[in-house]
Amino acid sequence: MIRLNDILDKVSSYNPTADLDLIRKAYVFCAKVHLGQTRLSGEPYLVHPMEVAALLADLRLDVSTVVTGLLHDTIEDTLTTREELETLFGAEVANMVDGVTKISKIHFKTKEERQAENFRKMLLAMSNDIRVILVKLADRLHNMRTLQYQPENKQRSVAQETMDIYAPLANRLGISWIKSELEDLSFRYLNPEIYYDLANKVARKKKERETYVDEVKQIIIQKLDEHGIKGEVSGRSKHLYSIYRKMESRNVDIDQIYDLIAIRVQVEDLRECYEVLGIIHSTWKPIPGRFKDYVAMPKGNMYQSLHTTVIGPFGDRMEVQIRTSEMHRVAEAGIAAHWKYKEGKGYDEKEVKRFAWLRQLLEWQNELQDSREFMDSVKFELFPEEVYIFTPKGDVKSFPKGSTPIDFAFSVHTDIGHRCVGAKVNGKLVPLKYELKIGDIVEVITAPHHTPSKDWLKIVKTSRARNKIRGWIKTEERTRSITLGREICEKEFRRYSQNFNKLLKTGELKRAAAEFGFNAEDDLLAAVGFGKLSASQILGKILPADKIQAPVAPKVTRPGKVKLKPAGAIEISGMADVLVRFGKCCNPVPGDDIVGFITRGRGVTIHTADCSFALDSDPERRIDVAWSKGKPSAAQSVKIRVSCHDEKGILANITQAITNCEANIVSASIQSTIDKRGLNVFEVHVADLTHLNRVMNSVMKVKGVIKVERLKS
């Protein structure tokens, strides 16, 4: 257990003039207000704020931030008020504690809205003082370290939120050790079987790796001495989640991952970084395409280092990272390494300029009202694999991996993006779907009357481009929907001898719009054009019920390929007697997070919330849907892909594992590769998501199976 003196010693080590009395005062206050409170582990609650404060001291943050760590739960979990904190500890601390408190969860209708609103609040708190999020990260890290005391369902939900938001946020802020630990802890609760299996395999080879690292260190130190360079050499195994991601991306098991070790060389100055790189490449053969210069072109989170992968001793791949001591400090602590806080002035603007992505998120939280659209933008910004390209003037711009000239065009200006018709890369014409590569020089070609295409949403990568295209499409579709809605209403109203224009002038339509919750008549007409409302529903607000007895129109049967079904196991918000169908692109099953889309003439189509169609579609057409409780649905067809070793009898074992879970195999596709692998796709009938997970876990336990994944297209 951490002690107060441990925290004071840490702070004194990097700030000899620190006001330690303020930390002592906060400790006494914290102990007093949390007296009698315990955590699920049975420990006194005081342990948690003490651990959070210690983590902030490890980040070498100022006294006010460490004090905030001690007090961060006092407003939320005790009778303490903001005014009381301000009186005792000053406005700066009170504001930060209040900011951390505002990030705490609230209840919203849907999971997406809850997550989006929590993140909006986090961004607002960060906009006032970025130290607030550093306190929140420390709070989340300690909570993850003690997550084993929570119920299993809570463990999974907290771990998923940590993996989705907090680990990427730590990465974007440049705090690599927090990011790595959050990922490993989340991995442990999200995929416990894979985690412990991987941990055991890594542990078994620990002694072998330590011997290997010691040998490599001695070779590098000897080479540095020969060239008169003073440097510090260290080696480490990559953390479990990064190893797992390599296994996933390469579709191999751990025995075929050869670059599990990273060797780090720290030198005094920048010139020596490149000298050491030359020494490493002259000692061991470099692997083509595996050299990255993050010194000349730093990552968006300020990270700088030279990375190269070489064929090391005994023929094993080995990654070498070369950096100065200052670069290493920034790599470990990120924004905290550049902390320059001035009393009453907020954080240093020069440092904030390094975090353009954060300013962009702050803008989006004001602009984007749709929860899914906002979280989509957030995740694009938090998970970038960056490429660096040049403008014709030589300026460097960074983009997520896979970005296109359209992304570049929108980064220059919205109008340039709208009018983009082509691009030149390195002086040659390229198609708009061309993926930008590191070092490309990009020039945009525009036409004055050109407009964006909906197909662009399939190829752009940046959130800025995606949101600008969606905005333009939304405006265009709204205009068309208003026109269509007007035509539908005029035609329907005439059947009841009602004059649409007269009702518009007398204000009857405005009153009807208000009753449906719209601000203006155009909003009402757009809803009709989109298919969210019918003209008959509007008439129901205008005419007495006894006058709405229109003759029944002859039933028209339209041939179609898709058989529509009653809603059955689906509940649709605000709508009844609606025909539904399930998207073939994602095949949702009961238990999946789902979203509905209104389709003209075809009722409502149900997709999983993470379906690419759902993410790219117009938010105006989305409606809230849910699986009906207590209403069993027919078995749903789902495809799973199983990667395994090509061994005798393994296929029989896999099919047995599926049928043992009472799942029917509808079809199977079996393929063997030249490297003795089996790639198998099974289409199975399952009752719901729980049933599907049981099937996948059963298959994963079959000896020789490497990976099991659900296919959504």
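See the structure printed just above.
Residues numbered from 1 in each chain as written. Predicted model: local features only at pLDDT ≥ 70, side-chain atom pairs only at ≥ 80, totals over all residues. Heavy atoms only, no water.

This next bit is on the overall build of the protein chain. Helix and strand content of the protein chain: 29 helices and 24 strands. The buried share of the protein chain, reckoned over its 713 residues, is 50%. Restricting to contacts in the protein chain with at least 6 residues of sequence separation, those with at least 24 account for 66%. Per element, the accessible surface of the protein chain, about 36000 Å² overall, is 51% carbon and sulfur. (Helix = DSSP H or I, 4+ residues; strand = E, 2+ residues; numbered from the N terminus. Buried < 20%, exposed > 50% of the residue type's maximum accessible area, 1.4 Å probe, protein only. Contact = heavy atoms within 4.5 Å. Areas by Shrake-Rupley, 256 points an atom, 1.4 Å probe, with all protein chains shown as cover.)

With respect to topology, 4 strands assemble into an open sheet ordered β22-β23-β21-β24, the strand pairing being antiparallel. With partners counted over all chains shown, the strands left at the sheet margins are β22 (664-672) and β24 (705-711), one partner each. On average, adjacent strands in this sheet sit at an angle of 20 degrees to one another, irrespective of strand direction. As defined by bridge partners, strand β21 (residues 636-645) adjoins strand β23 (residues 677-686) across 10 bridges and the pair is classed as antiparallel. (Pairing = 2+ DSSP bridges. Axes fitted to C-alpha atoms, helices over the stretch in contact; angles between N-to-C directions.)

Okay, the packing of helix α13 (residues 206-226) against helix α15 (residues 270-283) next. Packing of α13 against α15 leaves a shortest axis separation of 11 Å and a crossing angle of 120 degrees. For the element pair α13 / α15, the angle class is oblique. α15 is crossed by α13, and the crossing has right-handed handedness. Note on element contacts: α15 touches α13 through V276, I279, I280 and T283, opposite I219, I220, K223 and L224. Of the residues belonging to the contact of α13 with α15, the class tally is 6 nonpolar, 1 polar and 1 charged. (Parallel < 35°, antiparallel > 145°, perpendicular 65-115°, else oblique. Left-handed = near helix turned anticlockwise from the far one by under 90°. Nonpolar A, V, L, I, M, F, W, Y, C, P; charged D, E, K, R; others polar.)

With that settled, the discussion passes to the pairing of strand β2 (residues 261-267). Across the 7 residues of β2, 7 count as buried, placing the element largely inside the fold. Here β2 shows two buried faces, one formed by I261, I263, V265 and V267 and the other by A262, R264 and Q266. In this structure, strand β1 (residues 231-237) lies alongside β2, joined through 7 bridges in antiparallel fashion. From the neighbouring strand, S234 faces β2, where its bridge partner is R264.

Looking at the secondary structure, you find S242 in helix α14 (residues 240-250). A polar atom in the side chain of S242 sits 2.7 Å from the backbone oxygen of H239. (Polar contact = N/O pair within 3.5 Å; in protein donor to acceptor, adjacent residues only side chain to side chain.)

Moving on, we get to the pattern of salt bridges. Evaluated as defined, the whole model comprises 22 salt bridges. The partner of K179 in a salt bridge is E183, with the nearest N and O atoms 3.7 Å apart. Within this pair, K179 and its partner E183 are both found in helix α11 (residues 176-190), separated by 4 residues, close to a single helical turn. Under the relative-accessibility criterion, K179 is labelled buried at 18%. (Salt bridge = Lys/Arg side-chain N within 4 Å of Asp/Glu carboxyl O.)

Here we come to the sheet that holds strand β11 (residues 420-425). If you walk across this open sheet you meet the 3 strands as β12-β11-β13, and the pairing is antiparallel. Two strands bound the open sheet, and with one partner strand each, they are β12 (428-430) and β13 (442-446). Pairwise comparison of adjacent strand axes, ignoring direction, gives a mean angle of 35 degrees for this sheet. Bridge count between β11 and β12: 3 bridges; the pairing is antiparallel. In the strand pairing of β12, K424 is matched with L429.

Spanning 14 residues, helix α2 (residues 20-33) covers 20 Å between terminal C-alpha atoms, matching the ideal 20 Å at 1.5 Å per step. At its buried positions, α2 is contacted by α1 (4-14), α3 (47-58), α4 (63-71), α5 (74-77) and α6 (82-89). (Expected span 1.5 Å × (residues − 1).)

This part takes up the side chain of D592. Here D592 lies in the loop between β16 (579-582) and β17 (594-598). With relative accessibility at 9%, the residue D592 sits in the buried group. Reaching out from D592, the side chain makes a polar contact with the backbone nitrogen of V589 at a distance of 2.9 Å. Leaving out residues up to four positions away in the same chain, D592 has contacts with N587, T608, W627, L689 and R710.

Here the focus is the nonpolar core. With 71 residues, the main nonpolar core has I7, V11, I23, V67, L71 and F89 as its most contacted residues. Not counting residues within four places of it along the chain, the set of residues in contact with F89 comprises L22, K25, A26, F29, V67 and L71. I220, I280, W284 and V310 belong to the second largest nonpolar core, which has 24 residues in total. (Core = buried A, V, L, I, M, F, W, Y, C linked by side-chain atoms within 4.5 Å.)

Located in the positive-phi region is N587, a residue other than glycine, with phi close to 45 degrees. Examined against the element boundaries, N587 turns out to sit in the loop between β16 and β17. Unusually for a residue other than glycine, E662 sits at a positive phi of about 60 degrees. By secondary structure assignment, the location of E662 is in the loop between α28 (650-660) and β22. By relative accessible area, which is 69% here, E662 ends up exposed.

Time to look at the packing of aromatic side chains. Counted under the stated rule, the structure contains 10 aromatic pairs. Judged by centre distance (6.2 Å) and plane angle (35 degrees), the ring pair of Y241 and Y244 falls under tilted. Residue Y241 and its partner Y244 are located together in helix α14, separated by 3 residues, close to a single helical turn. Across the pair, exposure class does not vary: Y241 and Y244 are buried alike. When the centroid spacing of 5.8 Å and the interplanar angle of 55 degrees are considered together, the rings of F493 and F500 count as tilted. Taken together, F187, Y195, Y196, Y241 and Y244 form an aromatic cluster joined through their ring pairs. (Phe/Tyr/Trp six-rings, centres within 6.5 Å; stacked < 30°, edge-to-face > 60°.)

Of all 9 residues in α4, 9 are buried, a share of seventy percent or more. For α4, the set of buried residues is V63, S64, T65, V66, V67, T68, G69, L70 and L71.

This paragraph deals with the environment of E319. By the element assignment, E319 lies in strand β6 (residues 317-324). Taking C-alpha positions, E319 is 5.8 Å from T308, a pair spaced 11 residues apart along the chain. Separated by 3.0 Å, the side chains of E319 and Q321 make a polar contact.

Moving on to the environment of C420. Position of C420 relative to the elements: it lies in strand β11. You can call C420 buried: its relative accessible area is 0%. Note: C-alpha distance between C420 and F408 (12 residues apart in sequence) is 10.0 Å. With residues up to four places along the chain from it excluded, the contact list for C420 reads A409, L432, V444, I445, T446, H450 and W456.

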